[in-house]
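Take a look at the letters that make up each chain.
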Amino acid sequence: MREGQSLTQACESQGDKLPILFVNMIRAGEESAALPNAFERLSDYYEHRQKMSEKIRSSLIYPIILLITSGLSVIFLITFVLPQFQPMFENSGKELPWLSRYLINIDDFVSSFWWILLSVLTVAIALIRYLAKKPENRRKIDHTLRKLPVFGNVITALEVSHLCNTLGMLITNGTPLRRALVISMKSSDNAITRAWLEEAEIRIREGERLSEALRKQGLPNTVHHLISIGEETGKLGEMLGHVTSIFEENALQNTQRLLTLLSPALTIILGGLVAII
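In this convention, every chain numbers its residues from 1, walking through the sequence in written order. For this predicted model, a pLDDT threshold of at least 70 governs which residues receive local features, and a threshold of 80 or more governs which side-chain atom pairs are given and counted, while totals over whole chains, interfaces and linings are taken from all residues. Excluded from the side-chain calculation are hydrogens and water; included are all heavy atoms of the structure.

### Thoughts on the overall build of the protein chain
Then, in step 1: Here a strand is any run of E in DSSP of at least two residues, a helix any run of H or I of at least four, and the numbering for each starts at the N terminus. Looking only at helices and strands, the protein chain features 11 helices and zero strands.
Then, in step 2: Going residue by residue from the N terminus, the α and β elements of the protein chain occur as α-α-α-α-α-α-α-α-α-α-α.
Then, in step 3: The size measure is the radius of gyration over C-alpha atoms, and the globule rule it meets is 2.2 Å times the number of residues to the 0.38 power. Compactness check: the protein chain gives a C-alpha radius of gyration of 26 Å against a globular reference of 19 Å for 277 residues, more than 25% above the reference.
Then, in step 4: By principal-axis analysis of the C-alpha atoms, the protein chain measures approximately 90 × 45 × 30 Å.
Then, in step 5: Considering only contacts within the protein chain whose residues lie at least 6 apart along the sequence, 57% involve residues at least 24 apart.
Then, in step 6: Exposure was quantified through the Shrake-Rupley algorithm and a 1.4 Å probe, taking into account, for residues, occlusion by the shown protein chains and nothing else. Accessible surface, the protein chain as shown: approximately 17,200 Å² in total, 61% of it carbon and sulfur.
Then, in step 7: Residues scored as charged are limited to Lys and Arg (positive) and Asp and Glu (negative), so that His and the chain ends carry no count. In this description, the location of a charge corresponds to atom NZ of lysine, CZ of arginine, CG of aspartate or CD of glutamate. A distance of 3 Å separates the average location of the 29 positive side-chain charges in the protein chain from that of its 28 negative side-chain charges. Contacts were defined at the residue level, with two residues in contact if any of their heavy atoms lie within 4.5 Å.

In structure tokens, the structure reads:
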């Protein structure tokens, strides 16, 4: 900037170090002589996203701890407790139950060939990560995740809230609609969302309204209905904010519903495994 560049040019010179959303908000702020407002909206935006992420993470702490504890308990039973019963059954001339023998054989195999299993697992993870980077595979993965029971509802609600939050902030800051769609598309990590926005941008270029363009992408009815109201009243940015709030609350409710089902299910499964072993 000491060399005469604008703040936007200085930010663009940093390459991928700064998010495209941040750079374009700064550009819109400079062009409209409202740079302080742009910084304030960016601050609110990232603070809001951080709080939402923290809420989701906090909700998942207990089931994750329960899942890890359950797994370690089963491993302890198979590795240390179950083998101690084998000599007792052999001395009495009886065989261990078939399931117990099966688990002991698995334990012996893992103990003898753990390094092979670890190598195979490492290669498999690396291969999956490599394949997941390809656009066609990424889209299939995102599509599959969205179809999962309960999990899919959480993912969809989070994606819709993130999309509307980003789009609403850009429009409120004075970014033209088509450019706001392109920036939102590049800011999204979800292949399905990017496809939504790419198709919507094409339809808007052909003369359709945003609500109609998004309706044809299979978004929930609430989204295009509220966006249509925002277009008719000239308060599109504000209405996108309402959509964000609705779907964030929806994501939190679905997360709580998932945890309500998951916690007792894990407890029952662990109790059943202990009883069988």
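Following the structure, the description resumes.
### Focus: the packing of helix α6 (residues 151-172) against helix α7 (residues 177-187)
Then, in step 1: The angle between two axes is taken between their N-to-C directions and runs from 0 to 180 degrees, where each axis is a line fitted to C-alpha atoms and a helix contributes only its stretch in contact. Across the interface, α6 lies against α7 with an axial gap of 9 Å and an inter-helix angle of 140°. Between α6 and α7, the crossing angle belongs to the class labelled oblique. Where α6 crosses over α7, the handedness of that crossing is right-handed. Two secondary-structure elements touch here, α6 through His162, Leu163, Thr166, Leu167, Leu170 and Ile171 and α7 through Leu177, Ala180, Leu181, Ile183, Ser184 and Ser187.
Then, in step 2: When residue character is reported, Ala, Val, Leu, Ile, Met, Phe, Trp, Tyr, Cys and Pro are called nonpolar, Asp, Glu, Lys and Arg charged, and the others, Gly included, polar. In terms of residue class, the contact of α6 with α7 is built from eight nonpolar, four polar and no charged. Here roughly perpendicular refers to angles of 65 to 115 degrees, roughly parallel to angles under 35, roughly antiparallel to angles over 145, and oblique to all remaining angles. Should the near helix be turned anticlockwise from the far one by less than a right angle, the crossing is left-handed, and should it be turned clockwise, the crossing is right-handed.

### A closer look at the confidence of the model for the protein chain
Then, in step 1: pLDDT gives the predictor's per-residue confidence on a scale running from 0 to 100. Summarising the model, the protein chain shows a mean pLDDT of 79, and 92% of its residues fall at 70 or more.
Then, in step 2: Mean pLDDT across the elements of the protein chain bottoms out in helix α2 (residues 20-31) (74) and peaks in helix α10 (residues 221-233) (86).

### Considerations on the packing of aromatic side chains
Then, in step 1: Aromatic pairs are defined between Phe, Tyr and Trp rings, using the six-membered ring for Trp, whenever the two ring centres lie within 6.5 Å; interplanar angles under 30 degrees are classed as stacked, those over 60 as edge-to-face, and all others as tilted. Enumeration over the complete set of coordinates arrives at one aromatic pair.
Then, in step 2: A ring pair is formed by Tyr45 and Tyr46, whose centres lie 5.1 Å apart and whose planes are at 80°; its orientation type is edge-to-face.
Then, in step 3: Exposure categories follow from relative accessible area, calculated using a 1.4 Å probe and restricted to protein chains: below 20% of the type maximum is buried, above 50% is exposed, and the middle band is partly exposed. We classify Tyr45 as buried; its relative accessible area is 3%.

### Observations concerning the side chain of Thr175
Then, in step 1: By the element assignment, Thr175 lies in the loop between α6 and α7.
Then, in step 2: With relative accessibility at 7%, the residue Thr175 sits in the buried group.
Then, in step 3: Other than its neighbours up to four places away in sequence, Thr175 contacts Ala28, Leu170, Ala180 and Ile183.

### A few points about the nonpolar core
Then, in step 1: Nonpolar cores are built from buried Ala, Val, Leu, Ile, Met, Phe, Trp, Tyr and Cys residues. Side-chain atoms within 4.5 Å join them into one set. Ranked by internal contacts, the top residues of the largest apolar core, which has 40 residues, are Leu21, Val160, Leu210, Val223, Ile227 and Val243.
Then, in step 2: Among all residues touching Val243, those that are not within four sequence positions of it are Val160, Cys164, Val223 and Leu226.
Then, in step 3: Formed by five residues, the second largest nonpolar core is a distinct cluster that contains Val74, Ile78, Leu103 and Ile104.

### Concerning the pattern of salt bridges
Then, in step 1: Criterion for a salt bridge: a side-chain nitrogen of Lys or Arg within 4 Å of a carboxyl oxygen of Asp or Glu. On inspection of all chains with the given rule, the structure shows seven salt bridges.
Then, in step 2: Here Arg178 and Glu201 are joined by a salt bridge, their closest N and O atoms 3.0 Å apart. Of this pair, Arg178 sits in helix α7 while Glu201 sits in helix α8 (residues 191-205); the two residues are 23 residues apart in sequence, bridging distant segments of the chain.
Then, in step 3: When its relative accessible area of 39% is taken as the criterion, Arg178 is described as partly exposed.
Then, in step 4: A salt bridge links Glu199 to Arg203, with the shortest nitrogen-to-oxygen separation between them at 3.3 Å. Of the two residues, Glu199 and Arg203 are both situated in helix α8; the distance of four residues between them amounts to about one turn of the helix.
Then, in step 5: Here the salt bridges do not stand alone but share partners, grouping Arg178, Glu201 and Arg205 into one network.

### Some words on α6
Then, in step 1: Residue count minus one, scaled by 1.5 Å, sets the expected span of a helix. Relative to the 32 Å expected for 22 residues at 1.5 Å per residue, α6 spans 32 Å between its end C-alpha atoms, a close match to the ideal helical length.
Then, in step 2: Where burial is concerned, most of α6 is hidden: 16 out of the 22 residues are buried.
Then, in step 3: Among the residues trailing α6, Gly174 stands out with phi positive, at a value near 100°.

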